[in-house]
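Notes for the structure review
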Amino acid sequence: MGLCVLGLNAARRKAIFNRRENLMKSPLTTEEITGKILGIIAPGRPLSRRRVLKLCGATIAGMASWNCLGLSHGTGVPLIITENALGLVVADPTRCVGCRRCELACTEYNDGKSSHALSRIKVRRNQNFGPSGLYAGQRLGDMGNGLIVQDFCKQCPHPVPCADACPNGAIELKPPTNARVIDEEKCTGCKVCLKACPWEMISFDPGKDKATKCFLCDGKPKCVEACPAEALLYVPWLDLTGRVPPRVPPVANRSQACVDCHK
Amino acid sequence: MAQYGGWAGKVLRVDLSTGRITTEDTVEKYRDYVGGTGIGYKVLWDEVGPNVKAFDPENKIIFATGPLAGTSAPCNGRTAITTLWPSCWPKHLVASGHMGGHFAAELKYAGFDGVIVEGRADHPVWLAISDGKAEIRDGRHLWGQGIRRTNYEISREMGAEAAVAAIGQAGENMVPLSVISNSGSHTGAGGAVLGSKNLKAIGVRGTGSIRIAGDKGDWEKAVKHHLSILGANNQHVVPNSPQPWAEYYNPGTRWLAARGRVWGASDPPIDTGTGDPHNLNRIAYRTNSAAFFLGPDAWKNTVRGNGCTACPIRCHTRIKVPAVASKYGISEIGQSTCIRLVLGKRFFKKFPDGPLGQTSIEACMLGMHFADDLGIWDNYGQLQRDFHKCHNEGIFKNKVGAKEYQSYSWDKLERGDPAFLFELLPRIANREGELATALGLGTGFMLERWSIPEAEWKKDHQLNYWKHGHPKHHSHEDAGQCGVVINTQYNRDAQCHSHSNFTRNGLPIEVQKKLAVDLWGSEAAIDPLGEFTPMNAHKAKMAKWSLLRKELHDSIALCNWMGPWSASPLKERGYKGDDSLESLLYSLATGDGKSREELDEVAERIFVLHRALTIRGMGTRDMRTQHDTIPDWVFADEKDRAPFTKGTIRMDKTDIGNAMTMFYRELGWDTATGSPTRDTYKRLGLPEVAEELGKAGLTV
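Residues numbered from 1 in each chain as written. Chains lettered and ligands numbered in written order. Predicted model: local features only at pLDDT ≥ 70, side-chain atom pairs only at ≥ 80, totals over all residues. Heavy atoms only, no water.

Observations concerning the overall build of chain A
Regarding its fold elements, chain A presents nine helices and nine strands. Sorting the 263 residues of chain A into buried and exposed places 56% on the buried side. Taking all contacts inside chain A whose residues are at least 6 apart in sequence as the whole, residues at least 24 apart take part in 65%. When the accessible area of chain A is evaluated, it comes to approximately 11400 Å², of which 57% is carbon and sulfur surface. (Helix = DSSP H or I, 4+ residues; strand = E, 2+ residues; numbered from the N terminus. Buried < 20%, exposed > 50% of the residue type's maximum accessible area, 1.4 Å probe, protein only. Contact = heavy atoms within 4.5 Å. Areas by Shrake-Rupley, 256 points an atom, 1.4 Å probe, with all protein chains shown as cover.)

Structural notes on the interface of chain A and chain B
Across the boundary between the two partners, chain A contributes 42 residues, which contact 55 residues of chain B. Of the roughly 3800 Å² buried between chain A and chain B on both sides combined, carbon and sulfur atoms contribute 48%. If you sort the residues of chain A by the area they bury against chain B, Val97(A), Arg101(A) and Tyr109(A) come out on top, with a joint share of 16%. At the junction of chain A with chain B, the criterion picks out five salt bridges. Here chain A is connected to chain B by 40 residue pairs in polar contact (both at pLDDT 80 or more). Listed by contribution, the elements that provide at least two residues to the side of chain A that touches chain B are helix H4 (101-111), strand S4 (113-114), helix H5 (124-127) and helix H8 (222-226) of chain A. Tallying contributions element by element places H4(A) first for the side of chain A that touches chain B, with six residues. Here the residues of the side of chain A that touches chain B sort into 16 nonpolar, 13 polar and 13 charged. (Buried area = accessible area lost by both parts, 1.4 Å probe. Salt bridge = Lys/Arg side-chain N within 4 Å of Asp/Glu carboxyl O. Polar contact = N/O pair within 3.5 Å; in protein donor to acceptor, adjacent residues only side chain to side chain. Nonpolar A, V, L, I, M, F, W, Y, C, P; charged D, E, K, R; others polar.)

Considering the packing of helix H23 (residues 537-556) of chain B against helix H25 (residues 596-618) of chain B
When two helices pack together, you describe them by how their axes are tilted relative to each other and by the distance separating the axes. Residues and elements named next belong to chain B. Axis separation between H23 and H25 bottoms out at 8 Å; the angle between their running directions is 85°. One finds that H23 runs roughly perpendicular with respect to H25. Along the contact surface, H23 presents Lys-544, Leu-547, Leu-548, Arg-549, Glu-551, Leu-552 and Ser-555, while H25 presents Arg-596, Leu-599, Asp-600, Ala-603, Glu-604, Ile-606 and Phe-607. In terms of residue class, the contact of H23 with H25 is made up of seven nonpolar, one polar and six charged. (Axes fitted to C-alpha atoms, helices over the stretch in contact; angles between N-to-C directions. Parallel < 35°, antiparallel > 145°, perpendicular 65-115°, else oblique.)

A few points about the nonpolar core
Membership of the largest hydrophobic core comes to 126 residues, with the highest contact counts inside it found for Phe63(B), Ile129(B) and Trp219(B). At ten residues, H25(B) tops the list of elements feeding residues into this core. (Core = buried A, V, L, I, M, F, W, Y, C linked by side-chain atoms within 4.5 Å.)

As for the domain arrangement of chain B
Residue and element names in this part refer to chain B. When cut into domains, chain B gives domain 1 (10-205), domain 2 (218-455) and domain 3 (473-695). Computed over C-alpha atoms, the centres of domain 1 and domain 2 are 25 Å apart. Listed per partner, the contact involves 41 residues of domain 1 and 39 residues of domain 2. When domain 1 packs against domain 2, the two sides together hide about 3100 Å² of surface, and 59% of this comes from carbon and sulfur. (Domains from an automatic or database assignment.)

Description of the pattern of salt bridges
All names here are of chain B. Taken as a whole and assessed by the stated rule, the structure comprises 66 salt bridges over all chains. Of the charged contacts, one joins Arg-492 and Asp-493 as a salt bridge, the two residues approaching to 3.0 Å between their closest N and O atoms. Both residues of the pair, Arg-492 and Asp-493, count as buried. Overlapping salt bridges, with partners in common, bring together Arg-13, Glu-24, Lys-29, Glu-47, Lys-60 and Glu-118 in one network.

Encoded structure:
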């Protein structure tokens, strides 16, 4: 049974796969499987396909396997749905003047405090020596060739490393921008998401003991508004996940479930 | 503390003699002095006696920011460096240096509003401050290194995000004209005091946050309001060329943006555009200090604007001049602002390709290369003027041995070959030889060393020399009597820009006069430049306001090179700025609600404490004749035009006497001596100051 549910958080996935393990031991009926999965996804809520996808955290791939759940319409083509954010903040390093008003707008106007460490757009870390730091590569930044690279959330459609890694399902797609947003109620401050993001874009608020990430300010990003050099733009979403090199290697073997599609 | 925002909460105290590191509660101990120079003066008053000299271990050097540093309030990247001033002649009196960059914000995020450095280490050390912790580390491997190398080495230990304030060889060698520098080009004088303490650098790394006490929505509105009334550098509110949106233009302003004026060394180039003031997303393109100071050729060299944390103005223009890499073996990148941009070229009388040609730009690059790495201060251009005078009048030849004199390639200097700087600037930093050593002392001590009367210097208008070893800084050429009064008050060149930022803002005099009514009670507060009228009470009010705002800015951490925001580029506001802006930002950030008047009173307390320190340091209450002196050249005119005639900035001696009297009266000071009265000290909450000065016979 090739069940593959991506975009779910680790806990849910674990639960699902535990059930799958159990299936192996004592086969259940299709209705039972459907019921159990949906019970995890949306307890007590009526089912619609659209709703399942949304609640799944919006990335559901390898949907052929859903045939067995009676959810596919039987086209025979693997269905890959990636529910991306509607917009994205993109940055132009040649225009960046290194003032970090973007970082401060992010945290002051959203959180009521000034902090570049908490900011969901990240400039300070690249400001002096560039993304490669002091040790390697061409030296950028104020102490190098002057180019300041702004790091921003790529609003990953699939996989969503931070959301996938969260053991509590706290990173969920939210309207109106469909950005993945950290639910503070659910976040336990374990910092797993910080390690999972290949672009190191998750911030941590030690005051609240919660992680936080770019949520596009509900469609009116404060950072874009604050830039005095037009170096930031809020644009319709485009997939940058394959184009912007990661700062750290993606965490390997994030999930066994990926193997089904990514052989 | 918890009830207040803005402040980080602690002031760090580091005793280098004992290695003891302690902290103090900022609000509890220093709230009445806000921060910056306020904390600096308070520490010096309480803890450093009148007979201490700048290089004694008993001297202290206080790095302090303020409650707005590290927030998004525009123009907040300031750190005040307060200490006994090594180039203040004949006695080291209190003064402060002012450093921008990213040090202030990083220090706040690390949990500190200031650092008090005292004592003297027995070997070279540096101070590592990281998220609430401080540690004195061995600095022997850094001693002898330039500022750039030091920055790099410390960043290796602390991480790439560290802000490092360091001295170069000039500071190590206790050359009085030396700086402390952070973030590449952001310098404040006082390097030699750090050198005397064997403290090479302070590295700071902070990942904490500063709480905004007020409602975040209100704060956002306040900041946007501030942004809306910003001009270009020095708060010039009128563009310097005609623009489609602009009612006025004025070729003298620093608002250079225009279509076709391009950051030519950006890859690809960027047009600075028309600069409509309503577009807050293009503020950073308005200013180009390189093009302003180095001439229009520098547009092609412009990489981008750079500057302090949270400042949209970007007055530290970054330029790229590939030729200097091949010709001189220095970095093709340089950045700075104002006087430090032209530090190198000012040693030369002429260049083969003219005053604004490529050679002059190369001289500027060499100047920045050396001054920002060796850590040399040029005493606001006085170093070069002293150099010219001594060279032209044969003083060098007389005072320096023949062998040493001949070791300089004077022919290079004469023909405008920038390579001459290789011979001069490193020698100043390393105290090599009589000539360079004397120059590095600063004017006062140089003249004393060479037995030249200071009066010689005070006669010469070309020198712009004022007193105490330092030159004028925005005096009557920018604001008539108000400028003169301001230049009498400090123990170094007056670092006040409140007055000149207004008079040079580019608006026509009629508009300025309208604004002056609101600010200082009458149109008569200001004159057209070079068309001065006799002194009046409104000019005294303007002088007081200028000085108090300067101290306020240096304490709450706003830039007095930009503020106060007394005018704006907005026609719909009648070009009015907002004189309550400091109060609005301070109150929201800290939660300590203070009106404009209340905050001005705090500023007055700080300013008067500076005055008390000067009185105590000089051991006389007769400031009027002993301290607040005015050089003769102020009262002269090369064409012998009479004061108050059109075209001259010549001042009238009797009128300036009136000006001083009116100014003292405005501040509640004794008009005969220029000393604050006991009542004034008490009114400002400084009764203990009055008492101590009284015991020494220094009050009236």
